[in-house]
Amino acid sequence: QVQLVESGGGLVQTGGSLKLSCTASERIRSIHVMGWHRQAPGKERELVATITGSGGANYADSVKGRFTISGNYAESWVNLQMDSLKPEDTAVYYCYVYSFYRGETYWGQGTQVTVSS
């Protein structure tokens, strides 16, 4: 059973930075996409960023220019560097990996990011 383990969440002040990391307990085969979602209290889970196998990235408009995603498909890890954090970034952040192999999606356990105003 593959697990995604997240780390790096915490409490920061507005304008601060955090780096989230996500590593798979074992290599995941045939990865199609990796990325990060977040969910704030009372809100739907939303897509934050994705990264392709070639290193290309897509970002939600709300984080574009402030967040940077990186990852390695072969080694099954994905990180999210968050700079210039705002209170509205406060949420639980979940990494995910979608694999073509058996059409499986893996989710991290979630890590809390809190940005004080």
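For the structure itself, look to the data block above.
Because the structure is a prediction, the values reported are computed rather than measured. (Residues numbered from 1 in each chain as written. Predicted model: local features only at pLDDT ≥ 70, side-chain atom pairs only at ≥ 80, totals over all residues. Heavy atoms only, no water.)

## Brief notes about the sheet that holds strand E1 (residues 4-7)
As a general point, the strands of a sheet are linked pairwise by backbone hydrogen bonds and lie either parallel or antiparallel. Read across the sheet, four strands follow the order E1-E3-E8-E7 without closing on themselves; strand pairing throughout is antiparallel. Sheet topology places E1 and strand E7 (67-72) at the edges, where each strand pairs with a single neighbour. For this sheet, the mean angle separating the axes of adjacent strands, direction not counted, is 15°. Inspection of the sheet shows strand E3 (residues 18-24) paired to strand E8 (residues 77-82) by six bridges, in the antiparallel sense. What sits directly across from Leu-20, in E8, is Leu-80. (Pairing = 2+ DSSP bridges. Helix = DSSP H or I, 4+ residues; strand = E, 2+ residues; numbered from the N terminus. Axes fitted to C-alpha atoms, helices over the stretch in contact; angles between N-to-C directions.)

## Remarks on the packing of aromatic side chains
Tallied over the entire structure, the rule returns two aromatic pairs. For the ring pair Tyr-96 and Trp-107, a centre distance of 5.4 Å and an interplane angle of 35° mean the geometry is tilted. In this pair, Tyr-96 sits in strand E9 (residues 91-99) while Trp-107 sits in strand E10 (residues 104-107), placing the two residues eleven residues apart along the sequence. The class for Trp-107 is partly exposed, based on a relative accessible area of 36%. Between Tyr-98 and Phe-100, the ring centres sit 6.1 Å apart and the planes meet at 75°, which makes this aromatic pair edge-to-face. Note that Arg-29 overlies the ring of Tyr-101, its terminal NZ or CZ placed 4.4 Å from the centroid. (Phe/Tyr/Trp six-rings, centres within 6.5 Å; stacked < 30°, edge-to-face > 60°. Buried < 20%, exposed > 50% of the residue type's maximum accessible area, 1.4 Å probe, protein only. Lys NZ or Arg CZ within 6 Å of the ring centre and 35° of its normal.)

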